[in-house]
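Observations on chain architecture
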Amino acid sequence: MRRGAGKREGGNVQTTDFALTDAERSLLPSDEDVAHYAERGWYLSKKLFTDDEVDAVLAASERFYAGERSRRLSGRPPTLACWEPSDGPVQRHNDYIHYESDEIGAILRKSLIGAVAARLAQAREIRVFQSTLIYKPPHPNEPTNMVPWHFDKHYWQTCTSDKMLTAFFPFHDCGEEMGTITMIDGSNNWKEIGGGDGTTKHFAHRSNAELAELLRQNAEFNNADIVRVPMVIPKGHVSFHHCRTYHGSGANCADRPRRAISLHLQDGDNRYRKFTRSDGSVVVYNHDHFVRRAPVGEPDYADPEFCPPIWRAST
């Protein structure tokens with residue numbers, strides 16, 4: 001069994017060993033890195049995945065696109081990202097890749113990833129929250145390649161935690177030419193205004209103009225400059241950002257697709273909370289269709305089948 005990756009019994013992932021080697025511990029963020037993340041909302045890691053691991057995920061993603069699945073979701077909620085060949089040469093997003101592909105899921109559950117996230121979030125436990133396989137085709141004029149400015153907490157309103165974070169993991173060297181993920185420096189510390197009920201929607205269901213204006217208003221309210229930081233990510237390295245850091249990405253102007261996974265992570269204290277819009281409707285996240293129920297009947301965001309732990313402090 002791969003150390004830290006766990007084993008699957010009855011559909012559930014059971015992680016049994018979160019220990020790191022001395023070499024892996026040397027890859028953790030320093031105190032200065034943690035302070036940088038808290039101040040600026042993003043962190044570029046050292047090399048966390050070997051070339052073999054990255055190549056294995058790339059090969060598994062090809063098989064996924066060809067139709068291979070370890071298991072399938074039991075339903076298709078209306079907001080699920082689920083690219084299919086019939087959708088054509090648009091940017092591909094496929095949610096729950098850690099669940100539908102055992103091979104990809106095992107690599108994403110690498111304990112080192114959880115340990116880095118735990119250092120940044122100052123948490124004792126890290127669980128998977130969601131994961132999305134992404135393929136940005138090499139078409140500069142493809143409208144779907146443009147990911148508008150947004151931050152993830154907007155559509156995670158059913159979560160109690162403000163420590164959640166995302167690891168962006170490309171399968172190759174990834175720079176500005178490919179439309180890499182780009183951060184708005186320090187925006188994780190802004191006080192937010194505007195947005196209303198619309199902020200509970202995923203960026204894919206909001207207009208680029210609306211989101212650009214929301215960013216402008218919030219920067220003005222915080223008397224802050226909009227400083228864009230494109231993440232230049234070497235193969236095997238990972239970009240992390242806070243759940244309140246504004247980010248987006250532009251066109252892929254390279255001659256090859258930009259391929260990556262967004263691995264959303266939650267700290268061990270995160271729980272479901274009911275969130276109601278001004279019209280009385282209740283916000284529903286995709287997890288709420290799939291995860292087991294807690295004793296009180298609410299969705300359990302610690303369900304090991306969909307939200308497996310990947311790091312837990314030993315003391």
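As shown above, the structure is provided for reference.
Right, let's walk through the structure included here. Not measured: the values here are computed from a predicted model.

Cut-off values and rules
Residues numbered from 1 in each chain as written. Predicted model: local features only at pLDDT ≥ 70, side-chain atom pairs only at ≥ 80, totals over all residues. Heavy atoms only, no water. Helix = DSSP H or I, 4+ residues; strand = E, 2+ residues; numbered from the N terminus. Rg over C-alpha atoms; globule rule 2.2 N^0.38 Å. Buried < 20%, exposed > 50% of the residue type's maximum accessible area, 1.4 Å probe, protein only. Contact = heavy atoms within 4.5 Å. Areas by Shrake-Rupley, 256 points an atom, 1.4 Å probe, with all protein chains shown as cover. Lys, Arg positive; Asp, Glu negative; His and termini not counted. Charge placed at Lys NZ, Arg CZ, Asp CG, Glu CD. Polar contact = N/O pair within 3.5 Å; in protein donor to acceptor, adjacent residues only side chain to side chain. Pairing = 2+ DSSP bridges. Core = buried A, V, L, I, M, F, W, Y, C linked by side-chain atoms within 4.5 Å.

In this section: the overall build of the protein. When helices and strands are tallied, the protein shows eight helices and 13 strands. Whereas a compact globule of 315 residues would reach a radius of gyration of roughly 20 Å, the protein reaches 19 Å, a difference of no more than 12%. Seen through its C-alpha atoms, the protein measures out along the principal axes to roughly 50 × 50 × 45 Å. Burial statistics for the protein: of 315 residues in total, 55% are counted as buried. Restricting the contact set of the protein to residue pairs at least 6 apart, pairs at least 24 apart contribute 83%. A total of about 13600 Å² of accessible surface is found on the protein, and carbon and sulfur atoms cover 50% of it. Between the mean site of the 39 positive side-chain charges and the mean site of the 43 negative ones, the protein shows a separation of 3 Å.

The next thing to look at is the side chain of His 287. By secondary structure assignment, the location of His 287 is in helix α8 (residues 287-290). Of the polar contacts made by the side chain of His 287, one reaches the backbone oxygen of Phe 129; its length is 2.4 Å. When neighbours within four sequence positions are excluded, His 287 is seen to be in contact with Tyr 96, Phe 129, Gln 130, Tyr 301 and Cys 307.

In this section: the pairing of strand β10 (residues 237-242). Of all six residues making up β10, six are buried, and the element is well covered by its neighbours. Pairing of strand β3 (residues 42-47) with β10, which is carried by four bridges, proceeds in the antiparallel orientation. Each residue of the ladder has a partner; that of Trp 42, found in β10, is His 241. Sheet topology note: the strand β7 (residues 165-170)/β10 ladder contains four bridges and is antiparallel. Bridge assignment links Leu 165 to a residue of β10, and that residue is His 242.

Right, let's get into the nonpolar core. When a protein is soluble and globular, its nonpolar side chains tend to lie buried together. Of all hydrophobic cores here, the largest spans 41 residues; its most connected members are Phe 169, Phe 240, Ile 261 and Leu 265. Element by element, the count of residues in this core is highest for helix α6 (residues 111-121), at eight residues. When neighbours within four sequence positions are excluded, Leu 265 is seen to be in contact with Ala 117, Ile 126, Arg 127, Val 128, Phe 129, Met 164, Leu 165, Ala 167, Phe 240 and Ile 310. Of all hydrophobic cores here, the second largest spans 12 residues; its members include Trp 42, Ile 181, Met 231 and Ala 254.

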